[in-house]
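# Analysis of the macromolecular model
Here's the letter readout for the chains.
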Amino acid sequence: MNPADGLRLRSWQDELMAVIDALGRPLGDLRISVTDRCNFRCVYCMPKEVFGRDYEFLDRAELLTFEEIERVARIFVALGVSKIRLTGGEPLVRRDIERLIEMLAAIDGLDLALTTNGSMLATRARGLGEAGLRRVTVSLDSLDDDVFKAMNDVDFPVGRVLGGIEAAAVAGLGPVKINMVLKRGLNENSILPMARYFHGTGHIVRFIEYMDVGSTNGWRLDDIVPAREVVATIDAEMPLEPVDPNYRGEVANRYRYKDGGGEIGVIASVTQPFCANCTRARISAEGKLYTCLFATRGHDLRELVRGGAPDHEIADVIASLWKVREDRYSEIRSSETAGLEKIEMSYIGG
Ligand code: SAM
Ligand code: SF4
Ligand code: SF4
């Protein structure tokens with residue numbers, strides 16, 4: 001940001017009421033996808049039939065550079081964003097991501113986190129911590145090697161992800177949140193082993209209902225394992241009680257073990273949608289802004305950034321888009337919405 005822009009943005013900011021959308025939801029957090037590539041082919045996210053050898057990923061020149069990401073991030077923070085999560089694709093396949101983390105960690109008052117499949121964490125956690133990262137979420141869908149391999153579809157073993165979680169804790173990135181997406185018939189038998197394994201460790205497993213993101217995963221309503229079933233299954237063996245949310249817009253419903261063994265979360269995006277409190281914007285790796293995970297099109301910020309627009313103009317565009325936002329896809333999910341051409345999760349960033 002050049003200094004003159006900074007001044008204009010600040011004075012513009014002084015006059016600014018919080019940026020609130022058409023349904024009364026403030027702009028509070030931002031997910032930035034840093035790459036659309038991944039070393040896994042999770043069956044519910046990047047099925048091999050679609051994301052095979054011939055699939056055309058974005059060229060390097062199309063990706064926002066680290067400097068561009070930092071600039072856009074600072075503008076979002078000026079507009080009220082206090083949490084940024086780096087995601088993808090797999091964010092750790094973006095070369096030198098530690099440098100971006102260092103740049104973003106320097107933004108005052110920003111809560112910075114990253115979501116990863118954990119495959120590279122064992123060797124990278126320390127560097128990420130040294131770059132200023134404080135929180136990491138690791139996705140892990142089963143503790144059973146056969147099930148996990150069937151889900152990641154690249155023969156990746158569980159042990160290496162568990163090693164990554166340990167390394168993250170040692171590097172000060174814990175307590176780690178562990179995301180487990182549940183798909184009926186694939187991994188519901190892994191719910192209890194997962195809960196038992198992390199009970200008492202301080203790490204928090206979050207069980208996620210499989211969503212109809214994108215248009216390639218062949219989602220059917222029957223594929224989901226409802227959150228209430230997850231809670232009942234765990235509660236029957238290790239009694240749970242509900243906990244209040246930490247903040248407005250928290251997507252996970254929290255439960256704690258009555259024996260003091262820590263907590264779990266369930267993300268009931270399908271059976272108990274949380275659109276009414278959704279304060280989240282997303283930027284794809286090529287700089288398109290999406291105001292909903294289920295959006296069918298985004299707004300090109302890269303064009304503005306590369307076209308020489310000053311910060312206050314970019315801020316204006318973002319604020320204008322947010323102010324007219326009416327997205328609430330999960331609340332209106334129906335046979336009509338099922339046919340929409342939605343953006344893939346690996347592109348828009350989960
Ligand atoms: N590659 C990283 C990872 O897997 O953690 C970051 C990107 S991934 C798209 C972000 C999160 O979205 C992961 O926890 C993943 O399990 C979840 N996810 C992907 N597809 C999903 C779907 N169809 N429904 C629910 N969650 C999904
Ligand atoms: Fe890759 Fe994450 Fe999607 Fe799995 S969920 S394919 S690890 S981007
Ligand atoms: Fe937010 Fe869209 Fe998800 Fe609703 S469906 S919670 S508006 S991202």
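Cut-offs and rules
- Residues numbered from 1 in each chain as written.
- Chains lettered and ligands numbered in written order.
- Predicted model: local features only at pLDDT ≥ 70, side-chain atom pairs only at ≥ 80, totals over all residues.
- Heavy atoms only, no water.
- Salt bridge = Lys/Arg side-chain N within 4 Å of Asp/Glu carboxyl O.
- Helix = DSSP H or I, 4+ residues; strand = E, 2+ residues; numbered from the N terminus.
- Buried < 20%, exposed > 50% of the residue type's maximum accessible area, 1.4 Å probe, protein only.
- Patch = residues over 30% accessible without salt bridge, like charges linked within 9 Å, V, L, I, M, F, W, Y side chains within 5 Å.
- Areas by Shrake-Rupley, 256 points an atom, 1.4 Å probe, with all protein chains shown as cover.
- Lys, Arg positive; Asp, Glu negative; His and termini not counted.
- Charge placed at Lys NZ, Arg CZ, Asp CG, Glu CD.
- Axes fitted to C-alpha atoms, helices over the stretch in contact; angles between N-to-C directions.
- Parallel < 35°, antiparallel > 145°, perpendicular 65-115°, else oblique.
- Left-handed = near helix turned anticlockwise from the far one by under 90°.
- Contact = heavy atoms within 4.5 Å.
- Near = heavy atom within 4 Å.
- Polar contact = N/O pair within 3.5 Å; in protein donor to acceptor, adjacent residues only side chain to side chain.
- Nonpolar A, V, L, I, M, F, W, Y, C, P; charged D, E, K, R; others polar.
- Pairing = 2+ DSSP bridges.

The next subject is the pattern of salt bridges. Pairs can form between side chains of opposite charge whenever their charged atoms are close. Here the structure, examined in full by the defined rule, presents 22 salt bridges. Among the salt bridges present, the one from D21 reaches R325, with a minimum N-O distance of 2.8 Å. With D21 in the loop between α1 (3-15) and β1 (29-33) and R325 in the loop between α10 (311-323) and α11 (329-332), the pair connects residues that are 304 residues apart, well separated along the chain. One salt bridge connects R135 with D111, and the closest N-O pair in it is separated by 3.1 Å. With R135 in strand β4 (residues 135-139) and D111 in strand β3 (residues 111-116), the pair connects residues that are 24 residues apart, well separated along the chain. The partly exposed category is assigned to D111, whose relative accessible area is 26%. Among the ionic contacts, a cluster of salt bridges with common partners joins D21, R25, R325 and D327.

A contiguous patch of negative charge on the surface is contributed by D144, D145, D146 and D155. With respect to the helices and strands, D145 occurs in helix α5 (residues 145-152).

Looking now at the packing of helix α4 (residues 121-131) against helix α6 (residues 158-170). Two numbers describe how α4 lies on α6: the axes approach to 8 Å, and their chain directions differ by 15°. Here α6 runs roughly parallel to α4, going by the angle between their axes. The crossing of α4 and α6 is right-handed. Contact residues: L121, A122 and A125 in α4; G163, G164, A167 and A168 in α6.

For the rest of this paragraph, the subject is the site of ligand 1. G89, T116, S139, V181 and M211 are the nearest of the 20 residues found near ligand 1. Between N179 and ligand 1, the recorded distance is 3.2 Å, taken from a side-chain N or O atom to an oxygen atom. M211 places a polar main-chain atom, nitrogen or oxygen, 2.9 Å from a nitrogen atom of ligand 1. Elements with a contribution of two residues or more to the shell around ligand 1: β3, β5 (177-182) and β6 (204-209).

Relative orientation of the contacting elements helix α2 (residues 66-78) and α10 amounts to 60°, with a least axis distance of 10 Å. Taken together, α2 and α10 sit at an angle that is classed as oblique. When you trace α2 past α10, the crossing you get is right-handed. For the pair α2 and α10, the contacting residues are R71, I75 and F76 in the first and D311, I314, A315 and I318 in the second. In terms of residue class, the contact of α2 with α10 is built from five nonpolar, no polar and two charged.

Moving on to the environment of K48. Tracing the chain through its elements places K48 in the loop between β1 and α2. Taking the C-alpha atoms as reference points, K48 and V154, 106 residues apart in sequence, are found 9.6 Å from one another. Once you skip the residues sitting within four places of it in the chain, K48 turns out to touch R41 and D153.

What follows covers the site of ligand 2. In the vicinity of ligand 2, the contacting residues are C38, F40, C42, C45, M46, G89 and N117. Broken down by class, the residue content of the shell around ligand 2 amounts to five nonpolar, two polar and no charged.

Now for the sheet that holds β5. Hydrogen bonds between backbone groups are what pair the strands of a sheet, and the pairing can be parallel or antiparallel. Strand order in this open sheet of twelve strands is β7-β8-β9-β6-β5-β4-β3-β2-β1-β10-β11-β12, and the pairing throughout is mixed. What marks the edges here is a single partner per strand, and that holds for β7 (240-243) and β12 (299-300).

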